[in-house]
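# Understanding the architecture of this molecule
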Amino acid sequence: MKKVITFGTFDVCHVGHIRLLARAKAQGDHLTVGVSSDQLNLDKKGRNPIYSLDNRIEIIQALRCVDAVFVEESLQRKSEYIRSHGADVLVMGDDWQGKFDHLANLCKVIYLPRTPSVSTTEIIEIIREVK
Ligand code: C2G
């Protein structure tokens with residue numbers, strides 16, 4: 001069985017997230033998703049997620065293409081996560097292009113193109129503007 005792993009915050013889950021996960025799953029037979037902790041998201045993006053970690057995990061776990069979910073505490077622990085989950089393939093969106101190439105000694109590293117014209121940040125801005 002070929003195991004795929006991917007990571008993300010998946011805040012205010014949208015079609016870009018769903019498509020990325022479906023395409024990640026298509027790279028193998030089993031998909032594990034590391035969902036970023038609130039602290040990690042704060043460090044990465046300078047704001048707290050809108051949805052709590054528990055809610056983000058519940059949403060991702062409910063998706064048909066997802067087989068297992070765990071909490072990603074740190075970007076620096078990718079090699080540990082890849083090993084402990086027995087991943088054969090790491091999939092990341094291409095906003096991370098080149099950032100995880102050093103892990104290619106552990107597993108295959110694939111960057112998939114992002115879905116254009118949709119982002120959590122933009123959704124938050126649109127909602128803010130609605131009166
Ligand atoms: N994504 C996408 N298309 C979009 C928006 C997001 O394909 N329009 C992808 C991203 O490239 C990422 C995944 O959906 O692979 C999750 O997106 P984020 O929640 O923004 O992930 P991020 O916070 O960048 O976390 O260890 C790495 C990080 O945890 C990734």
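Residues numbered from 1 in each chain as written. Predicted model: local features only at pLDDT ≥ 70, side-chain atom pairs only at ≥ 80, totals over all residues. Heavy atoms only, no water.

Secondary structure assignment for the protein yields 5 helices and 5 strands. Secondary structure of the protein in N-to-C order comes out as β-α-β-α-α-β-α-β-β-α. In summary, the protein has a C-alpha radius of gyration of 14 Å against a globular reference of 14 Å for 131 residues, a match within 12%. For the protein, the spread of C-alpha atoms along the principal axes amounts to about 50 × 25 × 25 Å. Evaluated residue by residue, the protein yields a buried proportion of 45% over its 131 residues. Accessible area of the protein: about 7,300 Å², with a carbon and sulfur share of 50%. (Helix = DSSP H or I, 4+ residues; strand = E, 2+ residues; numbered from the N terminus. Rg over C-alpha atoms; globule rule 2.2 N^0.38 Å. Buried < 20%, exposed > 50% of the residue type's maximum accessible area, 1.4 Å probe, protein only. Areas by Shrake-Rupley, 256 points an atom, 1.4 Å probe, with all protein chains shown as cover.)

Where nonpolar side chains cluster on the molecular surface, the patch consists of Ile-50, Tyr-51 and Ile-59 and spans about 240 Å² of accessible area. For Ile-59, the position within the fold is in helix H3 (residues 53-61). (Patch = residues over 30% accessible without salt bridge, like charges linked within 9 Å, V, L, I, M, F, W, Y side chains within 5 Å. Salt bridge = Lys/Arg side-chain N within 4 Å of Asp/Glu carboxyl O.)

This paragraph deals with the packing of aromatic side chains. Applying the stated rule across the entire model yields 4 aromatic pairs. Look at Phe-7 and Phe-70: their rings are 6.0 Å apart centre to centre, the planes differ by 85 degrees, and that puts the pair in the edge-to-face class. Note that Phe-7 is positioned in strand S1 (residues 3-8) and Phe-70 in strand S3 (residues 68-72), a separation of 63 residues in sequence. An identical accessibility class is assigned to Phe-7 and Phe-70; each is buried. Look at Phe-70 and Tyr-81: their rings are 5.0 Å apart centre to centre, the planes differ by 50 degrees, and that puts the pair in the tilted class. With a gap of 11 residues between them, Phe-70 in strand S3 and Tyr-81 in helix H4 (residues 78-84) connect regions that are remote in the sequence. (Phe/Tyr/Trp six-rings, centres within 6.5 Å; stacked < 30°, edge-to-face > 60°.)

Let us now look at the site of the ligand. In the region of the ligand, 21 residues are neighbours, and Lys-45, Glu-72, Lys-78, Asp-95 and Val-118 sit closest. In the model, an oxygen atom of the ligand is placed 2.4 Å from a nitrogen or oxygen of the Lys-78 side chain. Within the backbone of Thr-115, one N or O atom sits 2.8 Å away from a nitrogen atom of the ligand. Across the complex, the protein chains shield 96% of the 630 Å² of accessible surface that the ligand would expose by itself. Only S1, helix H1 (15-25), helix H2 (38-45) and strand S4 (89-93) provide two or more residues apiece to the shell around the ligand. (Near = heavy atom within 4 Å. Polar contact = N/O pair within 3.5 Å; in protein donor to acceptor, adjacent residues only side chain to side chain.)

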